[in-house]
Amino acid sequence: MGKQVHAMVLKHGITEDNAVDNALISCYAKSGDMNSCEHLFSKMSGRRDAVSWNSMIAGYIYNGNLQEAMDCVWFMVHSDQIMDCCTFSIILNACASVAALERGMEMHAYGIRSHLGSDVVVESALLDMYSKCGRVDYASKVFNSMTQRNEFSWNSMISGYARHGLGRKALEIFEEMQRSRESPDHVTFISVLSACSHAGLVERGLKYFEMMGGHGIIPRIEHYSCVIDLLGRAGKLDKIKEYIQRMPMKPNALIWRTVLVACRQSKDGAKIDLGREASRMLLEIEPQNPVNYVLASNFHAATGMWEDTAKARAAMRQVAVRKEAGRSWVTLCDGVHTFIAGDRSHPNSKEIYEKLNFLLHNIRNAGYVPLTEYALYDLEEENKEELLSYHSEKLAVAFVLTRSSSGSPIRIMKNLRVCGDCHTAFRYISQIVRRQIILRDSIRFHHFEDGKCSCEDYW
Ligand SMILES: [Zn+2]
Ligand SMILES: [Zn+2]
């Protein structure tokens, strides 16, 4: 349809119109056709605006071409594009998405030199960039130095602390926000509730949930999901049922997924029943999402219901779900290095696999046992253990270790949730190589140090 519209545009002779070209770039990018984007973008030379650059960068990020995204940022900075607060925050957002900390810091310095540093939009983008790049300490420095704060700055700081597992700090900022002029919105409450969840503060979380009405905010499905997560962590099953009944809307897949996660690893009969119901609802509402089958299979396998496990697997084969490939990446001084599971395309592939096998051998001796149930991510394959060994995040860690032997922390990003097996392996690796590993997955940060993770194995 997009191509047909594009043809219409050409037929009517609408050329050199930025609004149209920018919209076309955005359309092609979201359809995965970056070649067409590049073609359009190259023809816009001389009349590109902030939106055009933003659409290109966002397109590369959306399609997982992270190195190209950062190259595009570089071109933008060195083009004759006027650098104002708006373009500057586009760049910082790109650094935050790719988690390119060094590039982000360079931009911070550039911003100071260009006198862009003291604008509230720029400062909020900076704070967000530091928090998403794993430096919540720098984020808090920026936050504390701000003379003016908007909703976005408060929300970024609260969610930054929550994502890093510093729930109590997040709540301190929230209390401070309530004393300020800014009033919390629905985004604030999502961060606040998830902070309570990570810190195990059930009563306080429920109190905040009830408080939302007083601020004129009607709880959305995301807020209910946070409350269910909170109750799940505390093992309060009856309350979960109560809140599901209280919901004014029909529970969606997100809610059932949260319920299913809350019921996992439980031998208690009532929880198994609830978990079963959740898995049934989930596969009914959203049969096309592979994550649901994996969750359902893991739940059934963990509770010993092999028959149901087999059913979930068979159902998954039948619908031939499209799996989003798990992708991990690291940013080093020579650019962004991306890995997918079992990937051998990296030029240093041989050294990486050698390093990884060496690490796996050592952590096995230290007591690590592969959690083969997580190999369900790749159902068709035979050799589960081998598959697990070469998950993208493990390849990324091994790669960094082939490059540097200094004691600095290893920073890894992943587009999906970290799997349980890699999580355990990372705890052991952090211990034997005596390095901190900071992993940002799609939900939160995991700081591994000395055999422990900041999430305390609940995520
Ligand atoms: Zn894994
Ligand atoms: Zn963790």
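These figures come from a predicted structure and were not determined experimentally.

Protein coordination at the zinc ion (ligand 2) comes from His 423 (NE2), His 446 (ND1), Cys 453 (SG) and Cys 455 (SG), with a distance range of 2.0 to 2.3 Å. Taken together, the four donor atoms surrounding the zinc ion (ligand 2) define angles of 102 to 116° at the centre, an arrangement classified as tetrahedral. Sequence positions of the residues that donate to the zinc ion (ligand 2) give the spacing H-x22-H-x6-C-x1-C. Given a relative accessible area of 7%, Cys 453 falls into the buried group.

With that out of the way, let us pick up the UniProt feature "repeat: PPR" (unreviewed entry) in the protein. Under the UniProt annotation, the feature "repeat: PPR" (unreviewed entry) is placed at residues 49-83, 119-149, 150-184 and 185-219. Across residues 150-184, helical content stands at 74% and strand content at 0%; the span's end C-alpha atoms are separated by 11 Å. The span residues 185-219 is 69% helix and 0% strand, and its two end C-alpha atoms sit 10 Å from each other.

On to the coordination of the zinc ion (ligand 1), then. Of the protein atoms, only His 391 (ND1), Cys 419 (SG) and Cys 422 (SG) coordinate the zinc ion (ligand 1), at distances of 1.8 to 2.2 Å. In primary-sequence terms, the residues that donate to the zinc ion (ligand 1) follow H-x27-C-x2-C. Grouping residues by exposure puts Cys 419 and Cys 422 together as buried.

Before going further, it helps to spend a moment on the packing of aromatic side chains. On inspection of all chains with the given rule, the structure shows 13 aromatic pairs. Ring geometry for Phe 209 versus Tyr 224: centroids 5.2 Å apart, planes at 70°, classification edge-to-face. In this pair, Phe 209 is assigned in helix α13 (residues 202-211) and Tyr 224 in helix α14 (residues 221-233), connecting sequence segments 15 residues apart. Comparing Phe 209 with Tyr 224 shows no difference in burial state: the two are buried. For the pair Phe 209 and Tyr 243, a centre-to-centre distance of 5.8 Å together with 75° between the ring planes defines the contact as edge-to-face. With Phe 209 in helix α13 and Tyr 243 in helix α15 (residues 237-246), the pair connects residues that are 34 residues apart, well separated along the chain. The class of Tyr 243 is buried, set by a relative accessible area of 4%. The rings of Phe 174, Phe 189 and Tyr 208 are connected pair by pair, giving a single aromatic cluster. In this structure, Arg 48 packs its charged tip against the face of Phe 41, placed 4.1 Å from the ring centre. It is Arg 149 that lies over the ring of Trp 154; its NZ or CZ is 5.1 Å from the centre.

To continue, consider the pattern of salt bridges. Counted according to the given criterion, the structure contains 13 salt bridges. Between Arg 135 and Asp 137 there is a salt bridge, with its nearest N and O atoms 2.8 Å apart. Assessed through its relative accessible area of 38%, Asp 137 is described here as partly exposed. Between Glu 210 and Arg 246 there is a salt bridge; the shortest N-O distance is 3.2 Å. A residue pair is termed long-range when its members are at least 10 positions apart, and Glu 210 in helix α13 and Arg 246 in helix α15 qualify at 36 residues. The exposure class assigned to Arg 246 is partly exposed, which follows from its relative accessible area of 41%.

On to the layout of surface pockets, then. Considered as a void within the structure, the second largest pocket measures approximately 580 Å³ in volume. Contributing to the lining of the second largest pocket are 27 residues, with Glu 102, Thr 331, Leu 332, Cys 333 and Gly 335 lying nearest its centre. Counting residues per element, the lining of the second largest pocket draws most heavily on helix α5 (residues 66-77), which supplies five residues. Here the lining of the second largest pocket is built from residues that sort into 14 nonpolar, five polar and eight charged.

With glycine set apart, most residues show a phi of negative sign, and most peptide bonds adopt trans. Of note, the phi angle at Glu 16 is positive, near 55°, even though the residue is not glycine. Following the sequence through the fold, Glu 16 ends up in the loop between α1 (2-11) and α2 (18-30). Judged by its relative accessible area of 62%, Glu 16 is exposed. Located in the positive-phi region is His 115, a residue other than glycine, with phi close to 55°. Counting through the fold element by element, His 115 comes out in the loop between α7 (101-113) and α8 (120-132).

Conventions adopted
- Residues numbered from 1 in each chain as written.
- Chains lettered and ligands numbered in written order.
- Predicted model: local features only at pLDDT ≥ 70, side-chain atom pairs only at ≥ 80, totals over all residues.
- Heavy atoms only, no water.
- Donors = N, O, S within 2.8 Å, 3.2 Å for Na, K, Ca; no water.
- Tetrahedral: all angles 85-135°; square planar, octahedral: opposite > 155°, others 65-115°.
- Buried < 20%, exposed > 50% of the residue type's maximum accessible area, 1.4 Å probe, protein only.
- UniProt positions renumbered as here; feature names shortened; annotations may be inferred.
- Helix = DSSP H or I, 4+ residues; strand = E, 2+ residues; numbered from the N terminus.
- Phe/Tyr/Trp six-rings, centres within 6.5 Å; stacked < 30°, edge-to-face > 60°.
- Lys NZ or Arg CZ within 6 Å of the ring centre and 35° of its normal.
- Salt bridge = Lys/Arg side-chain N within 4 Å of Asp/Glu carboxyl O.
- 1 Å grid on protein atoms, 1.4 Å probe; cavity = no way out; pocket = protein on both sides within 12 Å on 5 of 7 lines; lining within 4 Å.
- Points joined across faces, edges and corners; volume = space filled by probe spheres on them.
- Nonpolar A, V, L, I, M, F, W, Y, C, P; charged D, E, K, R; others polar.

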